[in-house]
Amino acid sequence: MHMTEQIILASGSEIRRDLLRRAGLDIQVMPARIDEDALRGGLVSEGVQPRDVADALAEAKARKISGKEPGALVIGCDQILNLGPEILSKPETPEIARDQLQRLSGQTHMLQSAAVIYQGGEPLWRHVGVVRLRMREISEAYLDDYLARNWESVRHSVGAYKLEEEGVRLFTRIDGDYFTVLGLPMLELLSYLTMRGTLPS
């Protein structure tokens, strides 16, 4: 049994932290300081597929913290939104958010949520959860009202929506796992930790 193993989340995401703690995991949070924009930009310019970009970013975070805390199980996570081959980033202004939502309107896009576990500077486990989301045609008026009401909340969300909030009204179909939408392939992660003996079965 590995019941005394320290588990570290190498992410500053409050949603991921809360999901894991609500599931009964005793985790520490140590956000990894990496230059995500530069790393993502380099991978994209090399033509790396979106799911592999998400995986590489998650791994970079896990590896960084694992180097400092070699005995711990370190969970690195990242989420990528792609519309076809194009990857969208978190909107920096309401105008960018509006542009993103206009482009997603009436289209199907993908969310790729990667998690990688490191221990002792080595990768133990990885998974990329994929969700397909179909957005309805959004009117200009609703788009303006939606961003006026929700900007402060969605400014940190890629695609400028949160499914757990009013963002759910933008969609007609979602194929995939709800936790993966929130940024963590939770069921696969918990299954691995249980199988490993870190969590009791």
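Parameters at a glance
Throughout, residues of each chain are indexed from 1 in the direction in which the sequence is written. For a predicted model such as this one, the threshold for reporting local features is a pLDDT of at least 70, and the threshold for listing and counting side-chain atom pairs is 80 or more; totals across whole chains, interfaces and linings nevertheless cover every residue. Only hydrogens and water are removed before side-chain values are computed, so all heavy atoms of the structure are retained for them. UniProt positions are given in the numbering used here, feature names are shortened, and annotations may be inferred rather than shown by experiment. Whenever a nitrogen or oxygen atom comes within 3.5 Å of another N or O atom, the pair is scored as a polar contact, on the condition that within protein one atom can donate a hydrogen and the other can accept it, and that pairs from neighbouring residues in sequence are kept only if both atoms are in side chains. For helices the rule is a DSSP run of H or I covering at least 4 residues; for strands it is a run of E covering at least 2, with both sets numbered from the N terminus onward. Salt bridges, as used here, are contacts in which a Lys or Arg side-chain nitrogen is within 4 Å of a carboxyl oxygen on Asp or Glu. By nonpolar core we mean a set of buried residues, namely Ala, Val, Leu, Ile, Met, Phe, Trp, Tyr and Cys, connected to one another through side-chain atoms within 4.5 Å. A simple rule labels every residue: compare its accessible area, found with a 1.4 Å probe on the protein chains alone, to the largest value its type can have, and call it buried under 20%, exposed over 50%, or partly exposed in between. Whether two residues are in contact is decided by their heavy atoms, any of which lying within 4.5 Å being enough. Of all possible arcs, the one meant is that of the directions from the helix axis to the C-beta atoms. Pairing of aromatic rings covers Phe, Tyr and the six-membered ring of Trp, with a centre-to-centre limit of 6.5 Å; geometry is then stacked below 30 degrees between planes, edge-to-face above 60, and tilted otherwise. Between any two strands, at least two bridges found by DSSP are needed for them to pair.

**A look at the UniProt feature "active site" (unreviewed entry) in the protein**
- Per the UniProt entry, the sites bearing "active site" (unreviewed entry) are Asp 78 in this numbering.
- Reaching out from Asp 78, the side chain makes a polar contact with the side chain of Lys 61 at a distance of 3.0 Å.

**Describing the side chain of Glu 166**
- Of note, Glu 166 is situated in the loop between helix H5 (140–154) and strand E7 (171–175).
- Here the side chain of Glu 166 touches Tyr 142 through a polar contact of 2.7 Å, side chain to side chain.
- Polar side-chain contacts of Glu 166 include one of 2.9 Å to the side chain of Asn 150.

**Quick notes on the pattern of salt bridges**
- Taken as a whole, this structure holds 17 salt bridges when the rule is applied.
- A cluster of three or more residues bridged by salt bridges with shared partners is formed by Glu 36, Asp 37, Arg 40, Lys 61 and Asp 78.

**Overview of the nonpolar core**
- Ranked by internal contacts, the top residues of the largest apolar core, which has 24 residues, are Leu 101, Leu 111, Met 135, Tyr 146, Tyr 161 and Leu 170.
- Of all the secondary structure elements, the ones that give two or more residues to this core are strand E3 (73–83), helix H4 (94–104), strand E6 (122–135) and H5.
- Look past the residues within four positions of Leu 170 in its chain and what remains in contact with it is Leu 101, Arg 134, Met 135, Arg 136, Ile 138, Tyr 142, Tyr 146 and Tyr 161.
- If you look at the next biggest cluster of nonpolar residues, it comprises 20 residues, including Leu 9, Ile 75, Cys 77 and Leu 193.

**Details of helix H1 (residues 14–22)**
- Within H1 the residues assigned to the buried category are Arg 16, Leu 19 and Leu 20. All buried residues of H1 project into a common sector of 90° when viewed along the axis, lining one side. Exposed and oriented more than 90 degrees from the buried face of H1 are Glu 14 and Arg 22.
- Considering only its buried residues, H1 is in contact with strand E1 (7–9), strand E2 (27–29), E3, helix H6 (178–182) and helix H7 (186–196).

**Describing the packing of aromatic side chains**
- Following the criterion strictly, the structure yields four aromatic pairs and no others.
- Here the aromatic rings of Tyr 161 and Phe 171 are separated by 4.9 Å at their centres, their planes lie at 70°, and the arrangement is edge-to-face. Residue Tyr 161 is located in the loop between H5 and E7, and its partner Phe 171 is located in strand E7; the two are separated by 10 residues in the primary sequence. A single burial state applies to Tyr 161 and to Phe 171, both of which are buried.
- A ring pair is formed by Tyr 178 and Phe 179, whose centres lie 6.5 Å apart and whose planes are at 55°; its orientation type is tilted.

**Focus on H7**
- Three or more residues of H7 are buried, namely Met 186, Leu 189, Leu 190, Tyr 192, Leu 193 and Arg 196. For H7, the arc enclosing every buried residue in end-on projection is 160°, short of the 170-degree limit, so these residues lie on one face.
- Where H7 is buried, its residues meet H1, E3, strand E5 (108–119), E6 and H6.
- Gly 197 occupies a position one or two residues after H7 and carries a positive phi of about 95°.

**Remarks on the environment of Val 154**
- If you trace the backbone, Val 154 turns up in helix H5.
- When the C-alpha atoms of Val 154 and Glu 165 are compared, they prove to be 9.4 Å apart, with 11 residues separating the residues in sequence.
- The contacts of Val 154, once residues within four sequence positions are left out, are Pro 91, Tyr 146, Leu 147, Ala 160, Tyr 161 and Lys 162.

**Examining the environment of Val 131**
- Position of Val 131 among the secondary structure elements: in strand E6.
- Sequence-wise, Val 131 and Arg 63 are 68 residues apart; in three dimensions their C-alpha atoms are separated by 26 Å.
- Excluding anything up to four places from it in sequence, Val 131 contacts His 109, Met 110, Leu 111, Ile 174, Asp 175, Gly 176, Asp 177, Thr 180 and Val 181.

**Here we look at unusual backbone geometry**
- You will see that Ala 160, though not glycine, has its phi angle at about 65°, which is positive.
- For Ala 160, the position within the fold is in the loop between H5 and E7.

**Some thoughts on the pairing of E3**
- Taking burial as the measure, the 11 residues of E3 include 11 buried ones, the bulk of the element.
- When E1 meets E3, the two strands line up parallel, connected through three bridges. The residue of E3 that forms the bridge with Ile 7 is Leu 73.
- With nine bridges joining them, E3 and E5 adopt antiparallel strand pairing. If you follow Ile 80 over to E5, its bridge partner there is Gln 112.
- Summarising the sheet, E3 and strand E4 (residues 86–88) pair through three bridges and their orientation is antiparallel. Looking at E4, one finds that Asn 82 is bridged to Ile 87.

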